[in-house]
Structure formats: structure tokens, C-alpha cells
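Inside the fold
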Amino acid sequence: MTDNKISKTILSNMCMIYKDDEILVINRTKKDWPGISFPGGHVEENETLEESVIREMKEETGLNIKNPILCDIKEWRFEDGIRYLGFLYKCNDFTGTIKSSEEGNVFFIKKSELHNYKLSMDFDELFNLINNK
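All of these numbers come straight from a predicted model, not from anything done at the bench. (Residues numbered from 1 in each chain as written. Predicted model: local features only at pLDDT ≥ 70, side-chain atom pairs only at ≥ 80, totals over all residues. Heavy atoms only, no water.)

**Digging into the nonpolar core**
Selection rule: Throughout, nonpolar core names a set of buried Ala, Val, Leu, Ile, Met, Phe, Trp, Tyr and Cys residues whose side chains join them through atoms within 4.5 Å. Note on exposure labels: buried denotes an accessible area under 20% of the residue type's maximum, exposed denotes more than 50%, and partly exposed covers the range between, all computed with a 1.4 Å probe on protein chains only. Secondary structure is summarised from DSSP: a helix means a run of H or I of at least four residues, a strand means a run of E of at least two, and numbering begins at the N terminus for each.
Met16, Ile23, Phe38, Leu114 and Phe127 are the most contacted members of the largest nonpolar core, which has 19 residues in total. Elements with a contribution of two residues or more to this core: strand S1 (9-19), strand S2 (22-28), strand S6 (69-77), strand S7 (83-91) and helix H2 (123-131). Counting residues per element, this core draws most heavily on H2, which supplies 4 residues. The next biggest cluster of nonpolar side chains, apart from the first, holds 14 residues, and it includes Leu24, Phe87, Tyr89 and Val106.

**Quick word on helix H1 (residues 49-61)**
Which entries qualify depends on this criterion: In a helix, the anticipated span is given by 1.5 Å times the number of residues less one. Should any heavy atoms of two residues lie within 4.5 Å, those residues are counted as being in contact.
Here H1 contains 13 residues, and its C-alpha end-to-end distance of 18 Å stays within 8% of the 18 Å for a straight helix at 1.5 Å per residue. Every buried residue of H1 is accounted for by Ser52, Val53, Arg55, Glu56, Met57, Glu60 and Thr61. Of the surrounding secondary structure, the elements contacted by the buried residues of H1 are S1, S2, strand S4 (40-42), strand S5 (64-65), S7 and strand S9 (104-110). Where H1 ends, the next residue or the one after it, Gly62, has phi of about 85 degrees, a positive value.

**Focus: the packing of aromatic side chains**
Note the following rule: Two aromatic rings, drawn from Phe, Tyr or Trp (for Trp, its six-membered ring), form a pair once their centres lie within 6.5 Å of each other, and the interplanar angle then sorts them: stacked below 30 degrees, edge-to-face above 60, tilted otherwise.
One pass over the full model with this rule turns up 6 aromatic pairs. Consider the rings of Phe78 and Tyr84, whose centres lie 5.9 Å apart with planes at 90 degrees: the pair is edge-to-face. Taking relative accessible area as the criterion, Tyr84 reaches 18% and is therefore assigned buried. For the pair Phe123 and Phe127, a centre-to-centre distance of 6.3 Å together with 20 degrees between the ring planes defines the contact as stacked. With a gap of 4 residues between them, Phe123 and Phe127 both fall in helix H2, about one helical turn apart.

**Structural notes on the pattern of salt bridges**
For side chains bearing opposite charge, pairing can occur when the charged atoms are close. Basically, it comes down to this: For salt bridges, the criterion is a side-chain nitrogen of Lys or Arg within 4 Å of an Asp or Glu carboxyl oxygen.
Considering all chains together, one arrives at 9 salt bridges under this definition. One salt bridge in this structure joins Glu44 and Arg55, with 3.5 Å as the shortest N-O distance. Here Glu44 is found in the loop between S4 and H1, whereas its partner Arg55 is found in helix H1, with 11 residues between them in sequence. A relative accessible area of 16% places Arg55 in the buried class.

**What about the pairing of S2?**
For the record, the criterion: Strand pairing follows a simple DSSP-based rule, namely that at least 2 bridges must link the two strands.
Most of S2 sits out of view: 5 of its 7 residues are buried. Note: S1 against S2, 2 bridges, orientation antiparallel. Bridging across to S2, Tyr18 finds its partner in Ile23. If you look at the hairpin formed by S1 and S2, you'll find 2 residues sitting between the two strands, and Asp20 has a positive phi there, around 50 degrees. Where S2 lies against S9, 7 bridges are found, and the strand directions are antiparallel. In the strand pairing of S9, Ile23 is matched with Ile109.

**Considerations on the environment of Trp33**
Positionally, Trp33 belongs in the loop between S2 and strand S3 (35-37). With 26 residues separating them in the primary sequence, Trp33 and Glu59 have C-alpha atoms 18 Å apart. Ignoring any residue separated from it by four or fewer positions in sequence, one finds Trp33 in contact with Met14, Arg28, Ser120, Met121 and Leu126.

**Side note on unusual backbone geometry**
The phi angle at Asn67 is positive, at roughly 55 degrees, despite the residue not being glycine. Within the secondary structure layout, Asn67 lies in the loop between S5 and S6. A residue is classified by how much of its surface remains accessible, and Asn67, at 56% relative accessible area, is exposed.

So this is what it looks like as C-alpha cells:
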């Protein structure tokens, strides 16, 4: 018996860490989604959404964030029928020193200089969804 109310869903997060007019970005090296994006990743089993974004920021940027603000949710649907939900955060409360990871190089750039870089798929939309909240 199939329940039409249940669908396969992947939960993920992204966070725009910012200070003044600069934002932290990651230059993703993976072939499935290359270019400038916000750091983030998957929500793990038994992890809250907030716990997941805090963990992912530490893993991908080296920064310890506090009080991330949920700005929006982005939904993607793939051909295999899986729904992919991205919880979009922003945060300017952080400590530590940035360090790159296997996901890509992380660095701060001025918001006004974003289009000087190769942006990942949907980045303009994601930036607007987060930045305008």
C-alpha cells in the first residue's frame, strides 16, 4: 500500500555569514554544483535544523556561529521524484578563523563584487532570498 502523503525529502542548509558589506562564500569544487555559493550541507539524522547549520559552518568554514536566523526555504524537485529542501540562514555572530575544506575555498567578498565571480546554479536567487530578509 502506497501513502500519497509521504514523499522522499532531503533536508539541507546554507548560511550567509556576513560582516559589514562582506559575505563569506565558498568556491565549490564539486562538479555537480561548481562556483561561488554559500557554505552548507545536509541535515543529519536526529539533528535539529539549527544544530545542522552550526555544524556545517564549522566543518566548511572553521567558524563557530551563534544565533543563525532562518530567512527562507528553497525547494528543488528532481527527476527521480525526490524533494530537496534548503533552509536558508544568515548570521553575523561568529568567532574563529576561516579555513577552507575539501568542499572548496572559503573567503569574504564584498556584496558588490559578487558578479566578478562564476556563481553556482541559483546563487542569485539564494542570495536575494537571504539578503532581503
